[in-house]
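The primary structure of each chain is shown beneath.
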Amino acid sequence: MARKTIRERGKDALTVEQMIQLIGVKSVLTLDEAALYTGLKVKTLYVQCSAGTIPYYKSKGGNFNYFKKAELDAWMTAQDMQDGRTKALYTKSRGGERL
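A brief structural summary. Given the structure is predicted, the values throughout are model-derived calculations rather than measurements. Counting restarts for each chain: residues are numbered from 1 in the order of the written sequence. A pLDDT threshold of at least 70 governs which residues receive local features in this predicted model, and a stricter bar of 80 or more applies before side-chain atom pairs are shown or counted, although totals over entire chains, interfaces and linings include all residues. Side-chain numbers come from the whole structure's heavy atoms, not from hydrogens or water.

Concerning the packing of helix H2 (residues 31–38) against helix H3 (residues 42–51)
And then number 1: Angles run from 0 to 180 degrees between N-to-C directions of axes, and those axes are lines fitted to C-alpha atoms, restricted for helices to the stretch in contact. Secondary structure follows DSSP: runs of H or I at least 4 residues long count as helices, runs of E at least 2 residues long count as strands, and numbering of each begins at the N terminus. Two elements in contact, H2 and H3, have axes separated by 9 Å at closest approach and are oriented at 105°. Of the possible angle classes, the one that applies to H2 and H3 is roughly perpendicular. Facing H2, whose interface residues are Leu31, Asp32, Ala34, Ala35 and Thr38, H3 presents Val42, Leu45 and Tyr46.
And then number 2: All residues other than Ala, Val, Leu, Ile, Met, Phe, Trp, Tyr, Cys, Pro, Asp, Glu, Lys and Arg, Gly among them, are scored as polar; the first ten of these are nonpolar and the last four charged. Split by residue class, the contact of H2 with H3 holds six nonpolar, one polar and one charged. Roughly parallel means an angle under 35 degrees; roughly antiparallel, over 145; roughly perpendicular, 65 to 115; everything else is oblique. Contacts are residue-level and defined by heavy atoms, with any inter-residue pair within 4.5 Å sufficient.

See the structure below:
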């Protein structure tokens, strides 16, 4: 059975506003909630999980991925810092050469 997106779940689905409120009080997020929280696509989160670059947990049956919100915050902050350093290396130059 194919995984349904938030929009495809119909009348039983939470609105985006309700989902955001729910995320605010939860400490462990589902894949859909983590995607909404980080602003990443679900597919991107799957790729990050497969690559081992994002902290996540699998359910006992291995069918679901879960994310601790505090660990996502730390991961996103580390990514921003890393990206910032990378950008600085490419934008600062000495004699026309990349530092």
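Considering the packing of helix H1 (residues 16–25) against H2
And then number 1: Contact pair H1 / H2: the axes reach a minimum separation of 10 Å and the direction vectors enclose 95°. In terms of orientation, H1 and H2 fall into the roughly perpendicular class. On H2, the residues touching Val16, Met19, Ile20, Leu22 and Ile23 of H1 are Asp32, Glu33, Leu36 and Tyr37.
And then number 2: Partitioned by chemical class, the residues of the contact of H1 with H2 number seven nonpolar, no polar and two charged.

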